[in-house]
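# Results of the structural survey
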Amino acid sequence: AWMALFAAGLAPLPGETARQHLRRAGESLPDAAGAFSLLAARYDRERYGPADAGQAPAAVRAAEARMARAALADLRRAFARRLGRLRVLAIEWEARRAAGSAASRAARPGDGRLSA
């Protein structure tokens, strides 16, 4: 979703908080405003909430995860309408490829450079 925001011309502005950025994105994509709001609240809770916030009962964590997945699906549909389905698929592919490359680099010992 992050890369799609950039592709849609909705990159964060300098000094803009995550909540402000997602509110502005919701104004630009009104059909996804609820999803942006939910994800902003979840980010704030995870980032700035109490340290034991992750200790919620399993049923609560599962419900929150389902809501977050539904919000991401709403965003995907909104971006597909805005950017076109093929463009969204290309963005998602690139994000997965980049994440896979980062994960494989992290799994390798050393600093990633060839040794002499």
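One structure accompanies this document, and this report is about it.

Conventions and cut-offs
- Residues numbered from 1 in each chain as written.
- Predicted model: local features only at pLDDT ≥ 70, side-chain atom pairs only at ≥ 80, totals over all residues.
- Heavy atoms only, no water.
- Helix = DSSP H or I, 4+ residues; strand = E, 2+ residues; numbered from the N terminus.
- Buried < 20%, exposed > 50% of the residue type's maximum accessible area, 1.4 Å probe, protein only.
- Contact = heavy atoms within 4.5 Å.
- Areas by Shrake-Rupley, 256 points an atom, 1.4 Å probe, with all protein chains shown as cover.
- Expected span 1.5 Å × (residues − 1).
- Arc of directions from axis to C-beta.
- Phe/Tyr/Trp six-rings, centres within 6.5 Å; stacked < 30°, edge-to-face > 60°.

For the protein, the helix and strand inventory stands at five helices and zero strands. Mapped from its N terminus to its C terminus, the protein presents α and β elements in the order α-α-α-α-α. Relative to its full complement of 116 residues, the protein shows a buried share of 22%. The contacts of the protein with a sequence gap of at least 6 include a subset with a gap of at least 24, amounting to 52%. As displayed, the protein offers around 8,100 Å² of accessible surface, 59% of which is attributable to carbon and sulfur atoms.

Before going further, it helps to spend a moment on helix α3 (residues 33-48). An ideal rise of 1.5 Å per residue puts 22 Å on 16 residues; α3 measures up with 22 Å between its terminal C-alpha atoms. Along α3, the residues that are buried comprise Ala35, Phe36, Leu39, Ala40 and Asp44. Viewed end-on, α3 has its buried residues packed into an arc of 165°, placing them on one side of the element.

Let us look at the packing of aromatic side chains. Enumeration over the complete set of coordinates arrives at one aromatic pair. Between Tyr43 and Tyr48, the aromatic rings sit 6.4 Å apart at their centres with planes inclined by 85°, giving edge-to-face as the arrangement. Since its relative accessible area comes to 38%, Tyr43 is described here as partly exposed. Judged by its relative accessible area of 59%, Tyr48 is exposed.

Time to look at the environment of Ala80. The residue Ala80 is located in helix α4 (residues 58-83) in this model. By relative accessible area, which is 24% here, Ala80 ends up partly exposed. Note: C-alpha distance between Ala80 and Ala4 (76 residues apart in sequence) is 9.4 Å.

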